[in-house]
Structures are given as structure tokens and as C-alpha cells.
Amino acid sequence: MASTRNGPPNVTAPIRSGSTPVVIVWFRRDLRLDDNPALQAAARSGARILPVYIHAPDEERPWAPGGASRWWLHHSLTALDDSLQRYGGRLIVSTGDSLTTLLGLTEQTGAREIHWNRLYEPAAIERDSLVKRTLRDRGIAAHSHNAALLFEPWSVSTRDGRPYRVFTPFWKSCLQLGLPQDAGPPPASLTLASAESAALESLELLPRIPWDKGFREHWQPGEAGARNMLDTFLDTAAASYADGRDHPGTRSTSRVSPHLHFGELSPRRIVSMVQECLAIAGREGLVSGLEGFMRELGWREFSHHLLYHFPHTPQHSLDERFAHFPWDSGAREAVDAWRRGRTGIPLVDAGMRELWHTGWMHNRVRMVTASFLTKNLLIPWQEGAQWFWDTLLDADLANNTQGWQWTAGCGADAAPYFRVFNPVLQSRKFDPEGRYLRRWLPELGALPDRDLHAPWEAPPHTLQRAGLRLGQDYPQPIVDLAASRSRALSAYATIKQAE
Ligand code: FAD
């Protein structure tokens, strides 16, 4: 990433005059060398490879990457460039329209072949179809591959050929097809072509005000960070994952979600490493832990299946009755309190602060915070999804949409709407000693465990002893949990009656 300029990069080396042809690999969210089918196919051609990343956020609208995702993208591109340098080349970075940039590059390099790995978001599908058609019309061989999923959305269907809407039969079908384990290794050697490139900094992905300290403390974007995360999980938490995965105070899940989203780690690689792990040490705890872990990867597959077959769902509930749900969109102060972790409900606030500080939130707490927003506050799920989109490092259109609709009760195989998570009971059950709460809410730290989950119920002398003034050091609850639950159920009754 040598010099700064926009538009299609200029080729610096006299690529056309070389006898070996050039093949372009268009990197997108497959920022890895391991198990990368587009790269493997290009390498098999024996050509010199021009590795290109085109920054075109407008083409992803309305779901252009949010603030946290941009931070990750910057570091992930840096890591990919470092890896390519070990093969003697650089990542060519460009900005602007993808099709124009690719056409410009084919003209400059004489490349007649382009490879990329598929994406499944509606805007990406539309863009990629146009790119493929246009390139092929011009006689350029354009090939797309599967790098992101174990099963592409069209490869799994019900007996009568329809998409699945329920997870369990979907996953059963996948397991019957057999989990693919054929992850290809990184190429032993690559001959890379070079071209002038924009400086990564010119993409302005990093925040101007440095709010990313927590991100830097917790994450290492890039392929090496992804493998560290997975190895650590398999060596430590995997054996207790079956129970541990619900406890936010312990480090019991893999935290590979941002790595998976940016394609720094392939799901096929995960499956093959899990199989290896089981072959070496198939202890009972590990077997059930890893089965559970695979099942969660199955939810990721299911989410992509749903997004592909129901592309309107990032904006609209899959359950059409919810188009008439009486949301309370006007409760701005409550939304603000939710975003800032100032609702007065400890588990909700701890989750929202974890999210803001680290760019990630534990799955159980995602469900609790989403349930609180959509049910106790009656805020449309799309508003919460948008906030997560901007603040999560693993923000992923398929998983986020599915997670929000599942929790709000308006999606495929969703939790029934009347299941309103009680954040106090959830907190007592899954964080009984308050390890998670104390980490993110230090102002509550001196409360005894029994009062930590609902400080408003604590006797005045307990609050005094803990040095806590409710309403000053920590908010009073912004809603009454029981009353807001009843309000939610009444709201639901209005659309239920409309069936
Ligand atoms: P692990 O438990 O170790 O699971 C391994 C992998 O399986 C994850 O990395 C992820 O890719 C996948 N996975 C796990 N749980 C789910 C799930 N419920 N749905 C789909 N895939 C899953 N996940 C995202 O990756 N991006 C999102 O934007 C996102 N938004 C969510 C919003 C809400 C409201 C909810 C309830 C869940 C959301 N999830 C999202 C799913 C889940 O919370 C995260 O994938 C998980 O917490 C990531 O942590 P992990 O890697 O340690 O997961």
C-alpha cells in the first residue's frame, strides 16, 4: 500500500510485457490466505496474481459497514497485506465503483480472468451479478466461489424444495449432507503481480476520536488472531462449552465471530480442527461441547439461509403480522439510556457497556438486552439492530437480523413473543456471583451478591453500606419490569387478534 490515490490503481510493474498472464483475485470479506477457494483457483492457473481490495461502502447501502466494523476492516486489511508481503507482494487497495475498478485493472494488466468468493447480502448479490455479467460479456472469465459457508443457501431445502424456516430440521438436513472438512491449506507459493495502490489510511476507516482503546485490548484482527482465538477455545473452554456458553462472567465461548464475519477464518477450517480435536481427545465433555459449538455454527448457516431466501428481512419482520405491531417509537430517552447502559437494570446495562467498550457482547446478554428493548420498552427491533450494526465488531447482516427477529419473536423459528426475558432472573441464574455485573458496573461492586441483580430491591442500609445512592451513582430502573411485560403482552394481543 505504497502511495495515496483514488480510482483504479496504476500498474507500476510492466505487467503486460511479462510472459506470464495476470489473474485478479478480488478480496472482499474473505481476508485470509488459508482455505481461500478464489485464491486457490487463481494459483492453480499458474498466472501471476493481482490481489485487490476495492473499498465501495456505497454498494452495500443501506448496510454499509458501521463504525466498529470499519475499525476491524482497517486492521484486517493491514494483516492481509502483511501476509501477502511474505509472498513478495502487496495488497492493492482501491476506492470507487467495483465494476469500473475491475474493468480498469483488466485493461491495465491484460488480465482475462477474475476470481472472488461469494457474499450473500442482497446488495452484494445484486452488485456481483452485474459485475459477473458485464465481465463475461467482455470476454473476461469471472468465477465466484464459496468461502464463507458450509452449505450455500440454495443447497439445502425441505422435501418439497422450499427454504427452511425452522432451525432443527434445517440443521438435521445439513448433518445428513455431511459437514465439509475439505479446507485447503494456504498456498505454498504465489507469484504476485504488483500495481500502484491507495494507502490504507486514505480509506479513513479508523475513528478520528480514538475511542478504540477497548478494541485494541481485546482483539487481534487478521488470520493469526483468528487462529489464536480458535486454538485457545479448543484447548480451554471447548470442554465446558455445553453449560459454560450461557455464563457471561466466564470466558466460555470462542469469540471467533468477528473473524468469521471478515472471513479471516473459514467454517470448513473450524470443522476440520474440531474433528482433529475429537480424534485426539474425544472425552465426553469435549464431545458434547464441540457438538454444541457446531450447532451454533449451524445457526450461522441458518441465518444466511434465511437472509438469502428472504432478502427483505433486514428491514421487515418475517412474520408479517408484526407490520401492524403497536411499537412505541417515541420513547427517545429510554433508547438513549439503553444505548448508554443507564437503564437501571444491571444485566442490560452491563451488556450495553461491554458492547461499547469491547465491540462484542455475550450471546445470552444480547438476547436479554434485545428483549428488554423490544418488549419492556416496545422499541422496534430494527432500531436495536441498527445500533448493534454500528457498535458490534462482528456486525453481520444475516446473524444480526436473525438474532433480533428471534428475540423480538417476529422471525423464523423465533422465541414466542410472550417469552419476555426477565433480566433479573437471567442475571441470578447465569451470573449468580455477579462476576460479569461487577466487571462492567463497578459502581455496584460493593453490593452483596443477592442484591446486585436488582439494587432497587435492596434495603436502604445495604445500599448505604455499599456506598450506593440510587438515582445518583446508578439509575433507578427506567421501567417497572412487571408492568412493562404486561404492556408488551397487551400489545401482542392486538396483532394476535388480527390473525
Ligand atoms: P460461539 O458461541 O463461540 O459460537 C461460534 C460461532 O457460531 C459464532 O462466532 C457465530 O458465528 C455463530 N453463532 C453463535 N451463535 C449464533 C446465533 N445465535 N446466530 C447465528 N450465529 C451464531 N452474531 C454475529 O456474528 N453477528 C451479529 O451481528 C450478531 N447479532 C446478534 C444480535 C442479537 C440480538 C442476538 C441475540 C445474537 C446475535 N448474534 C450475532 C449471534 C451471537 O450472539 C454471536 O454470534 C455470538 O455471541 C458470538 O460469540 P462467539 O463467537 O463467542 O460465539
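A. Representation of the site of the ligand within the structure. Inspection of the region around the ligand gives 30 residues, with Y241, T253, S254, R255 and N363 positioned closest. At 3.3 Å, a side-chain N or O of R366 approaches an oxygen atom of the ligand. Contact between the ligand and N399: an oxygen atom at 3.0 Å from a side-chain N or O atom of the residue. Protein contacts shield 96% of the accessible area of the ligand, which totals 820 Å² for the unbound molecule. Contributing elements (two or more residues each) for the shell around the ligand: α9 (257–261), α11 (284–309), α14 (363–376) and α16 (397–408). In the shell around the ligand, the residues fall into 14 nonpolar, ten polar and six charged.

B. Main features of unusual backbone geometry. With an omega of 5°, the peptide bond between R61 and P62 qualifies as cis. Note that P62 resides in the loop between β2 (48–55) and α2 (67–86). In the Ramachandran plot, R255 falls in the positive-phi region, its phi being about 55° despite a non-glycine side chain. Examined against the element boundaries, R255 turns out to sit in the loop between α8 (241–244) and α9.

C. Spatial organisation of the packing of α14 against helix α17 (residues 423–430). Their axes nearest at 10 Å, the elements α14 and α17 cross at an angle of 170°. Looking at the two axes, α14 sits roughly antiparallel to α17. Contacts from R364, V368 and F372 of α14 reach α17 at P423, Q426 and F430.

D. View of the nonpolar core. I270 and W338 are the most contacted members of the largest nonpolar core, which totals 128 residues. Take this core: its biggest share by element is nine residues, from α11. Excluding its chain neighbours within four sequence positions, the residues that come into contact with I270 are L230, V256, L260, L265, F293, M294 and L297.

E. Layout of the packing of aromatic side chains. Counted under the stated rule, the structure contains 28 aromatic pairs. Centre to centre, the rings of F167 and W299 are 4.2 Å apart; their planes meet at 10°, and the pair counts as stacked. With F167 in helix α5 (residues 167–177) and W299 in helix α11, the pair connects residues that are 132 residues apart, well separated along the chain. Comparing F167 with W299 shows no difference in burial state: the two are buried. Between F388 and W404, the aromatic rings sit 4.9 Å apart at their centres with planes inclined by 75°, giving edge-to-face as the arrangement. Of this pair, F388 sits in helix α15 (residues 381–391) while W404 sits in helix α16, and the two are 16 residues apart along the sequence. Each member of the pair, F388 as well as W404, is classed as buried. Taken together, the ring pairs in this structure connect W71, W72, W211, F215, W219 and F262 into an aromatic cluster. Positioned above the aromatic ring of W26, the side-chain terminus of R28 is 4.3 Å from the ring centre. In this arrangement the basic side chain of R255 is found over the ring face of W360, its NZ or CZ atom lying 4.2 Å from the centre.

Cut-offs and rules
Along every chain, residues carry numbers that run from 1 in the direction the sequence is written. Totals for whole chains, interfaces and linings use every residue, but because this is a predicted model, local features are given only for residues with pLDDT of at least 70 and side-chain atom pairs only at 80 or more, for both listing and counting. For the side-chain quantities, the full set of heavy atoms in the structure was used; hydrogens and water were omitted. Here a residue is near a molecule or strand as soon as one of its heavy atoms is found within 4 Å of it. A 3.5 Å cut-off defines polar contacts: any pair of N or O atoms within that distance qualifies, except that in protein one atom must be a possible hydrogen donor and the other a possible acceptor, and neighbouring residues in sequence count only when both atoms are side-chain atoms. Residue exposure ignores everything except the shown protein chains as possible cover, and the areas themselves are Shrake-Rupley values with a 1.4 Å probe. In DSSP terms, a helix is any run of H or I states spanning at least four residues, a strand is any run of E spanning at least two, and both are numbered starting from the N terminus. Nonpolar residues are Ala, Val, Leu, Ile, Met, Phe, Trp, Tyr, Cys and Pro. Charged residues are Asp, Glu, Lys and Arg, and all others, Gly as well, are polar. Note on method: axes are straight lines fitted to C-alpha atoms, helices fitted across the in-contact stretch only, with angles between N-to-C directions ranging 0 to 180 degrees. Here is the rule for angles: anything less than 35 degrees is roughly parallel, anything more than 145 is roughly antiparallel, 65 through 115 is roughly perpendicular, and the remaining ranges are oblique. Whether two residues are in contact is decided by their heavy atoms: any pair within 4.5 Å suffices. Side-chain atoms within 4.5 Å are what join buried Ala, Val, Leu, Ile, Met, Phe, Trp, Tyr and Cys residues into a set we call a nonpolar core. Accessible area is worked out with a 1.4 Å probe on protein chains only. A residue is then buried under 20% of its type maximum, exposed over 50%, and partly exposed in between. Ring geometry is summarised as follows: Phe, Tyr and Trp rings, the Trp one being its six-membered ring, pair when their centres sit within 6.5 Å, and such pairs are stacked at plane angles under 30 degrees, edge-to-face over 60 and tilted between the two. Charge over a ring is defined by NZ of Lys or CZ of Arg lying within 6 Å of the ring centre and within 35 degrees of the ring normal.

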